[in-house]
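Geometric and topological summary
In case you want the letters, here they are:
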Amino acid sequence: NGYFRRNHWVPVPQAADLEALNRLLLAACRSDERRVLDGRDRPIGEAMAIERHHLLPGAEGFDLAEPAFPVVNASGCITIGTNAYSVPLRPGTKVQASLQAAHLEVWHDGRCVARHERCHSRRQQILDLDHYLDVLERKPGAMAGCKPLEQWRRAGRWPAAYDVLWQRLNERHGRQDGTRAMVQVILLGRVFGHDRLRTAVTEAVAHGACDLGAVRY
């Protein structure tokens, strides 16, 4: 309500993460329970405990997510609010999006096809390189300067070992075929998981390897 917003959200509280913010807000709620409103003879918390016995049972498993049914655009993204989120589906595909407090899930044909951290800024593009690998395998020349790769780098999902392997593949096969081979390496993440892939690439590079088979092994 207005009282809570003015007293506990102004100025906007600072917290390291959502869990820490929730702890601050819970402490504020507990503090408010000790207040006595004008014209009342008991604190808010005590009155709330008495009132609770007269309320109907709450609904179990109530979903707080905001649903949407966007269509994939020509850039391989869906628009939620003012932001664009990538999905690994063809343009024109209608999907179900579930927008929650901390993340966005995208569903199609009964399965979750994409999951992004929710962006609270405006007019941003949130792109996952994994969603573009099939296209980049056919058009490897677009890999080096693409925005999804840039976002993976900023998020720490593209370690230095990937660049070392990529350079070795380019030296061995030429830029086009070398980049195509690097895309095939990253595609292994879909099979084995990207955490295991990063470990495998790091070990392969440390042993001087420069081919897909070594990483797979």
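Structural notes, computed from the coordinates. Just so you know, these numbers come straight off a predicted model, no measurement behind them. (Residues numbered from 1 in each chain as written. Predicted model: local features only at pLDDT ≥ 70, side-chain atom pairs only at ≥ 80, totals over all residues. Heavy atoms only, no water.)

1. Quick look at the overall build of the protein chain
On a plain count of helices and strands, the protein chain comes out with nine helices and seven strands. The buried share of the protein chain, taken over its 217 residues, is 34%. Counting only contacts in the protein chain whose residues sit at least 6 apart along the sequence, the fraction spanning at least 24 positions is 46%. Entry remark: accessible area of the protein chain is about 14300 Å², with carbon and sulfur atoms responsible for 51%. Within the protein chain, the 25 negative side-chain charges are centred at a point lying 5 Å from the centre of the 30 positive side-chain charges. (Helix = DSSP H or I, 4+ residues; strand = E, 2+ residues; numbered from the N terminus. Buried < 20%, exposed > 50% of the residue type's maximum accessible area, 1.4 Å probe, protein only. Contact = heavy atoms within 4.5 Å. Areas by Shrake-Rupley, 256 points an atom, 1.4 Å probe, with all protein chains shown as cover. Lys, Arg positive; Asp, Glu negative; His and termini not counted. Charge placed at Lys NZ, Arg CZ, Asp CG, Glu CD.)

2. Some remarks on the environment of W9
Mapped onto the fold, W9 is located in the loop between α1 (2-8) and α2 (18-32). Using a relative accessible area of 31% as the deciding quantity, one classes W9 as partly exposed. With sequence-adjacent residues up to four places away left out, W9 is seen in contact with F4, L21 and L25.

3. Some words on the pairing of strand β4 (residues 96-99)
In this sheet, β4 lies alongside strand β1 (residues 66-68) in antiparallel orientation, the contact comprising three bridges. From the neighbouring strand, E66 faces β4, where its bridge partner is L99. Between β4 and strand β5 (residues 103-108), which follow one another and run antiparallel, lie three residues. (Pairing = 2+ DSSP bridges.)

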